[in-house]
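Here's the letter readout for the chains.
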Amino acid sequence: MPTTTLTALKAAQRSLLLKPLDAAVFLAPYGTQAPLGGFTDAAGNLQALPAAFQSIGLIDKKTGVAFQRGITAAPIESYGELQAVRNDITSDITTLEFEPQQNATALNLQLTTSATLSAMTPSTTNGEVWFAQPSAENITYYSAIVIGKDGNDSLPTYVIKILPKVAVSKFGGEQWVPTGVMSNKLTMVAFKDDAAGFAVAHAYAGAGWQKLVASTGMPYVVSQLNIAPAGAQSLVKGSNGSLQLIVTDQFGGVIPSSMLSYTAQSGLTGAVTISSTGVVTPTNTAGSGTIQVAFVPPVTTPAWPTATAAPKLTGTISVA
């Protein structure tokens, strides 16, 4: 095995520390088809949701949007064994918790009181609304989409959850105080939807996300390579000057050097050395030619998808 360092093995990537700085919860009547992909266009721009999905609006900052996943397992223990010999998951429940602050909207009143929309009819004479909270509880199901955004509007990364069937399972109750808005923390539980085939789905998208795809380790088709610095480059033979090659994919994301091979072509052989990280250093020999950079997909299971032809590119360098 080759010698390495803990720093290299750690493969720390600070760009993959995602933090939703803004978020919105959208609900629609149960059965409304949520997008299964296609939240953004080819440029990473967010697309409008189906019209039936209404925003909850402002959400309490301290509560935020919380997802909890509770798993119940049934371990089988054997006499003389210190660990369970078998373990089966018998329950997998995901909940969504948030505190809507726009408490007087029809959607939020439906959520917090279980009243129907038809019961909320303002008076034609004075605009007053009167409705009773149902005494016989009926569970109302919704379809939910939650979108969080990291970064800014020019380079956003969207973190998206799709819950095709949810219902309120817990009411936090109202508290009337002069130092805060009247609000009611809600907990919703996710159910598997027969039509969608799942209870929870996840999506990552946006122009900011496109820059991160190459670093995530997720297999995708690399159809294009771009090299920087672009154009012909010059180095001085015998000098300490070097050139760092940066290679990006069709989305503009930097491809890790571990997925690239660098080869000095005829005319440049012997004039430069190329490190495994793409650093080109001149030797004491003059020369001029090209360096070929090729994408080498990692060995994974299942196999990394590739384009019809593995993308390659060349950069021209002269050493004099």
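Just so it is clear, the model here is predicted, and its values are computed rather than measured.

On to the overall build of the chain, then. Secondary structure assignment for the chain yields four helices and 17 strands. Taking 320 residues into account, the globule formula puts the C-alpha radius of gyration at 20 Å, and the chain, at 28 Å, lies well above it. In terms of principal-axis extent, the alpha carbons of the chain reach across some 90 × 70 × 40 Å. Looking at the chain as a whole, 32% of its 320 residues qualify as buried. Sequence separation of 24 or more characterises 63% of the internal contacts of the chain that already satisfy a separation of 6 or more. For the chain, the distance from the average site of its 16 positive side-chain charges to the average site of its 17 negative ones is 13 Å.

L107, N108, L111, T112 and T113 are the residues of helix α2 (residues 106-113) that are buried. Check the buried side of α2 and you find it contacts β1 (22-29), β2 (54-55), β5 (142-150), β6 (157-174) and β7 (184-190). Looking one or two residues past α2, S114 carries a phi angle of roughly 70°, positive in sign.

Another aspect to go through is a nonpolar patch on the surface. Side chains of Y30, I139, Y141 and F191 sit close together on the surface and give an oily, nonpolar patch of about 360 Å² of accessible area. The class for Y141 is partly exposed, based on a relative accessible area of 30%.

Moving on: the sheet that holds strand β13 (residues 260-264). In a beta sheet, neighbouring strands pair by backbone hydrogen bonds and run either parallel or antiparallel. An order of β10-β17-β16-β13 is seen for the four strands of this open sheet, with the pairing classed as mixed. Strands at the two margins of the open sheet, each flanked by one partner only, are β10 (233-235) and β13. The mean angle between the axes of side-by-side strands here comes to 30°, regardless of whether they run parallel or antiparallel.

In this section: the pairing of strand β4 (residues 86-98). Two elements, strand β3 (residues 66-76) and β4, share eleven bridges in a ladder whose sense is antiparallel. Looking across to β4, one finds that I71 is bridged to D92.

Parameters at a glance
- Residues numbered from 1 in each chain as written.
- Predicted model: local features only at pLDDT ≥ 70, side-chain atom pairs only at ≥ 80, totals over all residues.
- Heavy atoms only, no water.
- Helix = DSSP H or I, 4+ residues; strand = E, 2+ residues; numbered from the N terminus.
- Rg over C-alpha atoms; globule rule 2.2 N^0.38 Å.
- Buried < 20%, exposed > 50% of the residue type's maximum accessible area, 1.4 Å probe, protein only.
- Contact = heavy atoms within 4.5 Å.
- Lys, Arg positive; Asp, Glu negative; His and termini not counted.
- Charge placed at Lys NZ, Arg CZ, Asp CG, Glu CD.
- Patch = residues over 30% accessible without salt bridge, like charges linked within 9 Å, V, L, I, M, F, W, Y side chains within 5 Å.
- Areas by Shrake-Rupley, 256 points an atom, 1.4 Å probe, with all protein chains shown as cover.
- Salt bridge = Lys/Arg side-chain N within 4 Å of Asp/Glu carboxyl O.
- Pairing = 2+ DSSP bridges.
- Axes fitted to C-alpha atoms, helices over the stretch in contact; angles between N-to-C directions.

So, to be careful, I would describe these as geometric facts and stop short of saying anything about function.
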